[in-house]
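Residues per chain, in single letters:
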Amino acid sequence: MNDNKPVDADTAAINERHRVRMERKKAIIDAAIAKADKEIGIIIVNTGNGKGKSSSGFGMAIRAMGHGMKVGVVQFIKGAMSTGEEKFLRRFPDEISFHAMGEGYTWETQNRERDIEKAELAWEQAKTFLADPSYGLVLFDELNIALKYNYLDVHKVIADLLERPAMQHVVITGRGAPDELIAIADTVTEMAVVKHAYAAGIGAQIGTEW
């Protein structure tokens with residue numbers, strides 16, 4: 001690439017306007033970053049009907065592992081089939097503790113009492129992570145579903161979340177996050193559907209859905 005290529009006057013003017021805008025933007029962003037100086041564990045909730053909630057959660061788990069943080073995972077609802085993320089992360093038993101504790105989606109299990117029993121067992125495992133400061137990040141995948149169907153008491157769950165170690169991060173995924181959980185979370189993202197391959201008759205694909 002020739003960096004000495006002549007630039008016409010119009011392009012030069014556009015480039016200069018861009019430089020000035022980015023200079024102003026940098027000053028604003030730098031000021032905001034300087035104000036955000038707290039160091040504390042946060043609660044992140046990924047919800048909504050769009051794809052990407054669990055994918056984002058597992059991305060954060062891997063990111064935390066990359067920084068040398070110990071990670072705990074509890075999967076609610078899921079567990080009837082092995083997923084790519086489970087197969088991959090189980091290769092690192094010293095860095096991540098992975099517990100898939102569901103028996104499948106509610107329309108498959110069709111047994112509310114059994115679903116409640118499994119959710120309660122999963123939350124007992126979750127509480128062991130929340131009580132252990134050696135875990136820098138914990139992921140509770142599809143917890144929102146268990147709360148949505150009242151398999152767990154949202155107020156008890158919130159009380160346990162708020163009692164966790166000060167520097168521990170929590171990521172919670174699943175559709176239908178309850179308002180009470182959203183209210184105490186630090187970061188909430190709602191995934192919206194723009195398009196989904198399923199609507200075009202394309203089934204769940206290995207590597208992208210599971």
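About the thresholds
Residues numbered from 1 in each chain as written. Predicted model: local features only at pLDDT ≥ 70, side-chain atom pairs only at ≥ 80, totals over all residues. Heavy atoms only, no water. Salt bridge = Lys/Arg side-chain N within 4 Å of Asp/Glu carboxyl O. Helix = DSSP H or I, 4+ residues; strand = E, 2+ residues; numbered from the N terminus. Buried < 20%, exposed > 50% of the residue type's maximum accessible area, 1.4 Å probe, protein only. UniProt positions renumbered as here; feature names shortened; annotations may be inferred. Core = buried A, V, L, I, M, F, W, Y, C linked by side-chain atoms within 4.5 Å. Contact = heavy atoms within 4.5 Å.

**Comments concerning the pattern of salt bridges**
Opposite charge on two side chains allows them to pair when their charged atoms are near.
Line of reasoning, step 1. This model, assessed by the stated rule, comprises six salt bridges.
Line of reasoning, step 2. Between Arg114 and Glu117 there is a salt bridge, with the nearest N and O atoms lying 3.5 Å from each other. With Arg114 and Glu117 both in helix 5 (residues 112-130) and three residues apart, this pair spans about one turn of that helix.
Line of reasoning, step 3. Residue Arg114 is classed as partly exposed on the basis of its relative accessible area of 32%.
Line of reasoning, step 4. Judged by relative accessible area, which is 39%, Glu117 ranks as partly exposed.
Line of reasoning, step 5. Within this structure, Glu16, Arg19 and Glu23 form a network of salt bridges that share partners.

**Here we look at the UniProt feature "domain: Cob(I)alamin adenosyltransferase N-terminal" (unreviewed entry) in the chain**
Line of reasoning, step 1. Sequence positions flagged by UniProt for "domain: Cob(I)alamin adenosyltransferase N-terminal" (unreviewed entry) are, in local numbering, residues 15-33.
Line of reasoning, step 2. Span residues 15-33 is 100% helix and 0% strand, its end C-alpha atoms 26 Å apart.

**Looking at the nonpolar core**
Line of reasoning, step 1. Of all hydrophobic cores here, the largest spans 30 residues; its most connected members are Phe76, Trp123, Phe140, Leu143, Leu152, Leu161 and Ile172.
Line of reasoning, step 2. Counting residues per element, the ones that place at least two in this core are strand 1 (43-48), helix 5, strand 4 (135-141), helix 6 (143-148), helix 7 (154-162) and strand 5 (169-173).
Line of reasoning, step 3. The leading source of residues in this core is helix 5, at seven residues.
Line of reasoning, step 4. Excluding anything up to four places from it in sequence, Leu143 contacts Phe76, Trp123, Leu152, Val157, Ile172 and Thr173.
Line of reasoning, step 5. Within the second largest apolar cluster, 14 residues are counted, among which are Met65, Val73, Ile96 and Phe98.

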